[in-house]
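Architecture at a glance
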Amino acid sequence: QVQLVESGGGLVQPGGSLRLSCAASERTFSTYNMGWFRQAPGQEREFIAVISWSGGADDYAVKVKGRFTISRDNAKNTVYLQMNSLRPEDTALYYCAASTLRNVLSIRANNFQYWGRGTQVTVSS
């Protein structure tokens, strides 16, 4: 069972940038589609971005498209989320997740089998 560990969260001012990383424990990482989700207090977990196992395809939530970029390095078993032009409403606990459904670039949380524990992102002046 793959283990995922997020890092890179923190406190940033509006308009600033952060890069989140998610390291996987197994070489099978390269066979998983990888996603980023977030959950703010009192709100449901929401999809942010997904990238295919090869890195050849990706998709984003409308609210982050053009500001966030997902990427992966299969040699390092790591997926990244570059977040630019951050807004206070981006404040949340950010999770990475792995999906074994290689033929579907799903954005549904229940199609992701493995989850990290999250890293907190706070956007505030």
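Our subject is the structure listed above.
What you see is a predicted model, and the numbers here were worked out from it, not measured in a lab. (Residues numbered from 1 in each chain as written. Predicted model: local features only at pLDDT ≥ 70, side-chain atom pairs only at ≥ 80, totals over all residues. Heavy atoms only, no water.)

1. Brief notes about the pairing of strand 7 (residues 68-73)
Rule in force here: The classification of residues rests on relative accessible area computed with a 1.4 Å probe and restricted to protein chains. Under 20% of the type maximum is buried, over 50% is exposed, and intermediate values are partly exposed. Where helices and strands are cited, they refer to DSSP runs of H or I of at least four residues and of E of at least two residues respectively, numbered from the N terminus. Strands pair, by our definition, only if DSSP identifies at least two bridges between them.
The alternating pattern of strand 7 places Phe68, Ile70 and Arg72 on a buried face and Thr69, Ser71 and Asp73 on a face that is not buried. Sheet topology note: the strand 7/strand 8 (residues 78-83) ladder contains six bridges and is antiparallel. Bridging across to strand 8, Ile70 finds its partner in Leu81. Where strand 7 folds back onto strand 8 in an antiparallel hairpin, the turn is made up of four residues, including Asn77, whose phi is positive at roughly 55°.

2. Some details on unusual backbone geometry
A positive phi angle is found at Asn77, which is not glycine, with a value near 55°. Positionally, Asn77 belongs in the loop between strand 7 and strand 8. Look at Ser85: it is not a glycine, yet its phi comes out positive at around 50°. Looking at the element boundaries, Ser85 is found in the loop between strand 8 and strand 9 (92-99). For Ser85, a relative accessible area of 40% gives the class partly exposed.

3. Focus: the side chain of Ser52
Rules: Under this definition, polar contacts are N or O atom pairs within 3.5 Å; protein pairs additionally need one hydrogen-donor-capable and one acceptor-capable atom, and for neighbouring residues in sequence, both atoms have to be side-chain atoms. Note on definitions: a residue-residue contact is assigned when non-hydrogen atoms from the two residues lie within 4.5 Å.
For Ser52, the location among the structural elements is in the loop between strand 5 (46-51) and strand 6 (58-60). Relative accessible area serves as the criterion here: at 9%, Ser52 is assigned to the buried category. Looking at Ser52, its side chain comes within polar contact range of the main-chain nitrogen of Gly56, at 3.2 Å. Once residues within four sequence positions are removed from consideration, Ser52 is found in contact with Tyr32, Asn33, Ala57, Arg72 and Leu105.

4. Quick word on the sheet that holds strand 8
Operational definition: Orientation is described by axes fitted as lines to C-alpha atoms, over the contacting stretch for helices, and by angles from 0 to 180 degrees between their N-to-C directions.
In space, the four strands of this open sheet follow the order 1-3-8-7, with antiparallel pairing throughout. The open sheet has two edge strands, strand 1 (4-7) and strand 7, and neither has a second partner. Neighbour to neighbour, the strand axes of the sheet diverge by 15° on average, direction disregarded. Relative to strand 3 (residues 18-24), strand 1 is paired through four bridges, and the arrangement is antiparallel. If you follow Val5 over to strand 3, its bridge partner there is Ala23.

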